[in-house]
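Okay, here's what each chain looks like letter by letter:
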Number of protein chains: 2
Amino acid sequence: MSMKNLRKDNYPEWYQNVVAEADMAENSASPGCMVIKPWGYGIWECIRNVFDDKFRETNHENCYFPMFIPLSFFQKEAEHVEGFAKEMAVVTHSRLTSVDGKLVPSSPLDEPLIVRPTSEAIIADSFSKWVKSYRDLPVLINQWANVVRWEMRPRLFLRTREFLWQEGHTAHASAEEAEAETKQMLEVYKDVSENALAMPVIPGRKPEHEKFPGAVDTYCIEAMMQDGKALQAGTSHFLGQNFAKSANISFVNKQNQPEFAYTTSWGVSTRLIGGVIMTHADDEGMVVPPRIAPYQIILLPLIKNPEDKDKILAYVSQIQQELKKQFPFGEKIRIKVDARDRKPADKFWEWTKKGAPIICEVGMRDVEGQKIMVKERIKLGTDEGKQIVDVNEFCQNISSRLEGLQKQMFNKAKARLEANIRTDIKTPEDFRRYFAESNVWIEDGKQGKVAFVRGKWCGDDATESLLKEMKITIRCIPFDQTNTQGVCLLTGKPATMDVIYARSY
Amino acid sequence: MSMKNLRKDNYPEWYQNVVAEADMAENSASPGCMVIKPWGYGIWECIRNVFDDKFRETNHENCYFPMFIPLSFFQKEAEHVEGFAKEMAVVTHSRLTSVDGKLVPSSPLDEPLIVRPTSEAIIADSFSKWVKSYRDLPVLINQWANVVRWEMRPRLFLRTREFLWQEGHTAHASAEEAEAETKQMLEVYKDVSENALAMPVIPGRKPEHEKFPGAVDTYCIEAMMQDGKALQAGTSHFLGQNFAKSANISFVNKQNQPEFAYTTSWGVSTRLIGGVIMTHADDEGMVVPPRIAPYQIILLPLIKNPEDKDKILAYVSQIQQELKKQFPFGEKIRIKVDARDRKPADKFWEWTKKGAPIICEVGMRDVEGQKIMVKERIKLGTDEGKQIVDVNEFCQNISSRLEGLQKQMFNKAKARLEANIRTDIKTPEDFRRYFAESNVWIEDGKQGKVAFVRGKWCGDDATESLLKEMKITIRCIPFDQTNTQGVCLLTGKPATMDVIYARSY
């Protein structure tokens with residue numbers, strides 16, 4: 001299977017192929033919802049575990065809130081938002097009854113329930129009961145949950161009606177502490193994206209018109225996909241006292257005065273898996289960074305002569321034990337011995353398309369010579385793609401080999417990102433011409449056509465209509481501002497603020 | 001806080017108090033749904049991790065299926081079941097719109113969606129696409145998910161409208177293999193209940209009238225609560241070809257003939273936490289078995305003199321490191337240093353009510369003498385309740401100490417179960433008189449009033465009405481049958497089958 005031309009010519013179709021061939025997810029009988037299959041879910045579990053460690057280190061505790069939110073919780077928002085309308089799943093009945101053999105909803109609810117699109121409202125309601133004094137603060141919690149947004153154009157991992165995510169929610173005694181929390185969690189997102197997902201990101205602040213409704217500030221990390229589009233990989237919101245006021249999260253402060261708490265929320269979702277695919281997958285299919293690979297090493301016994309079988313399997317089992325011994329303290333190593341009764345070449349391609357970082361083939365010759373054939377996924381098709389190495393050396397160095405692969409994946413993606421942020425567009429005319437070009441395509445790690453534009457913005461949110469017209473967005477106002485003088489690429493007005501302009505998912 | 005009389009006189013109220021005082025869960029603004037707070041959710045995560053290891057060992061893979069199930073998937077069942085009616089959450093609209101400032105559901109769905117009460121139907125639909133040949137079998141999957149059943153009398157952990165669970169679903173090429181799977185997973189449930197939750201159970205088969213609808217056989221594990229009632233702690237269903245036929249899971253077998261697959265399903269839920277509470281909690285509150293305790297050891301620095309603070313905290317930190325070193329390979333040890341600025345006695349009672357297995361107090365005298373004050377939760381109030389021990393000895397023996405506490409908790413519960421299964425009731429008259437008694441109460445581990453009756457049943461499912469009238473149920477037909485002759489305790493007819501009769505949750 002080569003998908004080279006597909007990746008270049010029809011990126012969306014290539015994406016679908018990668019997901020299907022890696023057997024990560026598929027559409028289901030439930031409209032717009034996906035089935036996350038074991039390889040895809042395994043990646044999600046690895047991502048979850050990395051985040052859980054970080055959340056614990058930063059003193060957050062996991063808990064679980066109801067997925068049904070009473071309709072009235074949205075009423076206040078509706079009163080304030082002009083033309084309020086939300087695409088959400090609404091539960092209106094609590095029973096199915098058979099009438100003349102046909103099932104119909106019955107027992108209508110007094111108050112309809114909304115399946116959570118996000119949980120600020122219902123969690124704020126709990127916080128209002130938990131928090132009475134400054135001594136009860138901060139409250140630092142997180143939940144892993146399913147959420148629903150009624151998407152009309154679903155795409156596996158990127159946009160489905162139901163998806164999985166984590167949402168952190170915190171309450172603090174001061175604005176400063178809440179802002180520090182918001183930024184700390186954005187830093188955690190950047191850390192995990194770059195060090196576990198090997199996906200470099202640009203951290204920054206969203207412009208006013210891209211903020212989460214109700215937030216004082218929304219911070220985000222933005223990644224660049226191979227087709228030059230941006231993917232918002234995580235957001236962290238400083239909510240000020242807005243949610244605290246509407247849910248009445250108030251406390252008696254140290255000066256014995258009543259005060260509303262300062263809250264934050266932050267989340268990442270199964271969308272990250274879409275980001276990993278569009279950062280690392282190649283012409284042969286998926287490539288998974290070692291730190292989030294459900295199996296980092298696949299051991300494939302090559303049994304040509306049935307009478308060698310026991311010896312080869314014993315050797316493979318010994319290798320497996322030896323590899324595990326290299327990880328006595330830290331993270332466990334994840335190894336799969338694939339001894340299924342199938343053609344070795346088929347099995348090799350199956351794991352290649354899934355993107356397992358290291359695939360080892362072990363035959364009788366290896367047993368005799370105490371060797372092992374090592375194939376690293378990211379070097380597939382290159383001269384280094386196949387190495388026959390001493391088995392003890394392989395086992396002893398497994399940790400640094402995995403670490404090396406992880407770094408190479410990050411560096412490659414980082415080089416691509418850096419090579420493809422155009423900073424030389426200085427006028428609205430050039431800017432318009434640039435984005436009028438279509439079919440942006442980036443050669444891996446090389447300077448090709450350019451995707452993101454880093455340039456000036458006047459800061460006027462009324463420019464939103466211009467952006468919509470050009471089908472681009474301001475991804476973020478990066479933290480590393482240059483503070484130079486220039487002209488706004490949308491309006492031509494004088495401007496000093498740097499922003500990232502891009503097409504996006 | 002002593003809840004001794006409460007536990008004896010008003011067990012349901014005692015239960016609620018334990019949950020509240022341990023800060024494990026609470027009711028929410030979403031009717032009938034609970035908020036699972038960090039200590040309760042932490043226990044659930046520990047339970048999940050133990051099960052996940054077992055599921056992996058038995059070759060199951062985790063994945064995730066949509067929570068919305070199209071109404072039509074229930075239509076077939078409705079056609080076959082007389083007076084079919086199900087208490088389920090029905091999604092009928094996909095939008096909220098503001099009409100004259102008031103929010104109303106809009107955009108009605110063409111086909112209503114049901115929030116999964118269980119996922120056999122939608123998973124069978126996926127299986128029908130995955131399985132073509134005997135080579136595709138077995139399919140062995142599991143998912144951790146939230147499910148909804150519209151309970152009218154919700155109780156925290158025991159019965160809530162939304163709850164968390166795992167559901168395993170498998171498909172096999174033969175009935176024998178599927179039955180073996182069903183029994184293997186029941187064995188896993190028994191193993192985890194007894195060895196991780198320290199909750200002894202009776203494994204057996206459900207009578208026909210208690211089976212899961214659509215199952216050929218339902219197996220279960222039944223636990224005894226302190227009030228003598230039974231709690232169904234897990235079920236494993238052999239579904240034969242029933243679901244395979246209705247969802248068309250068919251495969252070409254080795255003889256090249258089309259055949260329907262044989263499927264199973266099995267599940268445990270957050271209800272297990274209710275079982276742990278009613279097995280182990282005592283007059284002072286919750287008691288958590290070490291294997292599922294979010295923190296197994298609480299280290300409480302006792303700082304009387306502020307200038308000792310640094311020395312004491314350094315000593316505590318050293319103890320924490322030393323304890324961690326004892327677990328280089330296996331499960332991680334979970335330790336909490338509680339250095340909050342509160343009264344030591346308050347902190348001690350907080351962790352006592354939460355049921356942390358070991359609480360250690362560390363003051364300046366301990367630093368000087370290289371000692372530590374160890375309080376084991378299950379020995380609270382006894383002479384052994386407080387031990388001042390050598391700190392090195394404590395650290396070095398921590399693994400066996402935790403293991404010992406775990407065993408003691410199991411043994412105590414096991415003794416209670418065994419002492420309270422009455423086997424001497426031989427006639428319907430005595431049986432009726434026995435269950436007419438109310439307020440059954442069991443003294444821990446001692447022979448008190450008796451709860452379960454193990455006796456004969458004629459096997460006639462028409463006796464269901466008699467059972468209902470007496471407000472009891474047949475919990476299971478235990479695997480260890482005596483095959484003696486006797487009379488049915490319900491009808492007086494001759495009978496050889498032993499069953500467990502009990503009141504239940």
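What counts, and at which threshold
- Residues numbered from 1 in each chain as written.
- Chains lettered and ligands numbered in written order.
- Predicted model: local features only at pLDDT ≥ 70, side-chain atom pairs only at ≥ 80, totals over all residues.
- Heavy atoms only, no water.
- Helix = DSSP H or I, 4+ residues; strand = E, 2+ residues; numbered from the N terminus.
- Rg over C-alpha atoms; globule rule 2.2 N^0.38 Å.
- Buried < 20%, exposed > 50% of the residue type's maximum accessible area, 1.4 Å probe, protein only.
- Contact = heavy atoms within 4.5 Å.
- Areas by Shrake-Rupley, 256 points an atom, 1.4 Å probe, with all protein chains shown as cover.
- Lys, Arg positive; Asp, Glu negative; His and termini not counted.
- Charge placed at Lys NZ, Arg CZ, Asp CG, Glu CD.
- Buried area = accessible area lost by both parts, 1.4 Å probe.
- Salt bridge = Lys/Arg side-chain N within 4 Å of Asp/Glu carboxyl O.
- Polar contact = N/O pair within 3.5 Å; in protein donor to acceptor, adjacent residues only side chain to side chain.
- Least-squares fit on C-alpha atoms with pLDDT ≥ 70 in both.
- Pairing = 2+ DSSP bridges.
- Axes fitted to C-alpha atoms, helices over the stretch in contact; angles between N-to-C directions.
- 1 Å grid on protein atoms, 1.4 Å probe; cavity = no way out; pocket = protein on both sides within 12 Å on 5 of 7 lines; lining within 4 Å.
- Points joined across faces, edges and corners; volume = space filled by probe spheres on them.
- Nonpolar A, V, L, I, M, F, W, Y, C, P; charged D, E, K, R; others polar.
- Arc of directions from axis to C-beta.
- pLDDT = per-residue confidence, 0-100.

This part takes up the overall build of chain A. Across its full length, chain A carries 15 helices and 26 strands. Here the C-alpha atoms of chain A give a radius of gyration of 26 Å, agreeing with the 23 Å that 2.2 N^0.38 yields for 505 residues. The burial tally for chain A puts 57% of its 505 residues in the buried class. The long-range fraction of contacts in chain A, counting pairs at least 24 apart against all pairs at least 6 apart in sequence, stands at 70%. Accessible area of chain A: about 21200 Å², with a carbon and sulfur share of 48%. Averaged over its 68 positive side-chain charges, chain A has a centre that lies 2 Å from the centre of its 70 negative ones.

Residue-level contacts link 71 residues of chain A with 71 residues of chain B. Overall, the association of chain A and chain B removes approximately 6100 Å² of surface from exposure, summing both partners, and the carbon and sulfur fraction of that is 60%. Counting the surface chain A buries against chain B, the share from its top three residues, Tyr64(A), Leu96(A) and Leu103(A), is 11%. The tally of links between chain A and chain B comes to two salt bridges. Between Arg95(A) and Glu87(B) there is a salt bridge, and its shortest N-O distance comes to 2.2 Å. Across the contact surface, chain A and chain B share 34 residue pairs in polar contact (both at pLDDT 80 or more). With nine residues, strand S6 (residues 90–99) of chain A is the single largest residue contributor to the side of chain A that touches chain B.

All names here are of chain B. On inspection of all chains with the given rule, the structure shows 58 salt bridges over all chains. Linking Glu-469 and Arg-432 is a salt bridge whose minimum nitrogen-to-oxygen distance equals 3.5 Å. Of the two residues, Glu-469 is situated in helix H15 (residues 464–470) and Arg-432 in helix H14 (residues 428–436); the sequence distance between them amounts to 37 residues. Given the relative accessible area of 56%, Glu-469 is considered exposed.

Rotating chain A by 180° and moving it 0.0 Å along the rotation axis overlays it on chain B with an RMSD of 0.0 Å. What the rotation and shift describe, once combined, is the action of a two-fold rotation axis. For chain A, the minimum C-alpha distance to the rotation axis belongs to Val91(A) and amounts to 2.1 Å. When you check the interface residues of chain A against chain B, 100% turn up at the interface there too, and the contact is symmetric in its surfaces.

All right, on to the sheet that holds strand S21 (residues 421–422) of chain A then. All names here are of chain A. Read across the sheet, eleven strands follow the order S3-S8-S9-S15-S12-S11-S10-S23-S26-S22-S21 without closing on themselves; strand pairing throughout is mixed. Edge positions in the open sheet fall to strand S3 (61–62) and S21, since each of these has one partner strand only. The sheet contact formed by strand S11 (residues 217–224) and strand S12 (residues 230–238) spans eight bridges and is antiparallel. Opposite Asp-217, over in S12, you have Phe-238 as the bridge partner. Packing against the sheet, helix H5 (residues 120–130) makes contact with strand S8 (139–148), strand S9 (162–172) and strand S15 (262–269), and its axis sits at approximately 30° to S9.

Attention shifts here to the sheet that holds strand S17 (residues 335–337) of chain A. All names here are of chain A. The sheet built from five strands is open, its strands ordered S17-S16-S18-S19-S20 with mixed pairing. With one partner strand each, in any of the chains shown, S17 and strand S20 (386–390) form the two edges of the open sheet. Strand after strand, the sheet turns through a mean of 25° between neighbouring axes, direction not considered. The sheet contact formed by strand S19 (residues 371–376) and S20 spans five bridges and is antiparallel. Considered in S20, the bridge of Val-374 is made with Gln-387. The strands touched by helix H9 (residues 309–325) within the sheet are strand S16 (297–301), S17, strand S18 (358–362) and S19, with S16 carrying the most contacts at an inclination of about 165°. Sheet contacts for helix H10 (residues 344–354): S16, S17, S18 and S19; angle to S16, the most-contacted strand, approximately 175°.

Looking at the element boundaries, Lys471(A) is found in the loop between helix H15 (464–470) and strand S23 (473–478). Residues Lys471(A) and Ala502(A), spaced 31 residues apart in sequence, show a C-alpha to C-alpha distance of 8.8 Å.

Attention now moves to empty space enclosed by the protein. Inspection of the entire model under this criterion finds eight cavities of 30 Å³ or more. In terms of lining residues, the largest cavity is bounded by 21 residues, among which Tyr41(A), Trp144(A), Ala145(A), Tyr41(B) and Trp144(B) are the most central. Secondary-structure elements contributing two or more residues to the lining of the largest cavity are helix H3 (38–57), S8 and S9 of chain A together with helix H3 (38–57), strand S8 (139–148) and strand S9 (162–172) of chain B. Here the lining of the largest cavity takes four residues from H3(A), the largest share from any one element. Across the lining of the largest cavity, the residue classes break down as 14 nonpolar, two polar and five charged.

Bringing helix H14 (residues 428–436) of chain A into the picture now. Residue and element names in this part refer to chain A. If you check which residues of H14 are buried, you get Pro-428, Phe-431, Tyr-434 and Phe-435. Angular distribution of buried residues about the axis of H14 spans 125°; they occupy a single face of the element. Counted as exposed and oriented over 90 degrees from the buried face of H14: Glu-429, Arg-433 and Ala-436.

This part is about helix H10 (residues 344–354) of chain B. Among the residues of H10(B), Lys347(B), Phe348(B), Trp351(B), Thr352(B), Lys353(B) and Lys354(B) are the ones counted as buried. In this fold, the buried residues of H10(B) make contact with helix H2 (11–21), H3, strand S16 (297–301), strand S17 (335–337), strand S18 (358–362) and strand S19 (371–376) of chain B.

Moving on, we get to the confidence of the model for chain A. The predicted coordinates of low-pLDDT regions are not to be read in fine detail. Summary statistics for chain A give a mean pLDDT of 93 and a share of 95% for residues scoring 70 or more. Overall fold confidence (pTM) sits at 0.95, and the ipTM for the predicted complex is 0.95.

Our focus in this paragraph is unusual backbone geometry. A negative phi angle is the norm for most residues apart from glycine, just as the trans form is the norm for most peptide bonds. The residue after Leu137(A), namely Pro138(A), is reached through a cis peptide bond having omega -5°. You can see Pro138(A) is positioned in the loop between H5 and S8. The phi angle at Ala198(A) is positive, at roughly 55°, despite the residue not being glycine. By the secondary structure assignment, Ala198(A) is in the loop between helix H6 (175–195) and strand S10 (202–205). The backbone of Gln370(B) shows a phi angle near 55°, a positive value even though the residue is not glycine. If you trace the backbone, Gln370(B) turns up in the loop between helix H11 (364–369) and S19.

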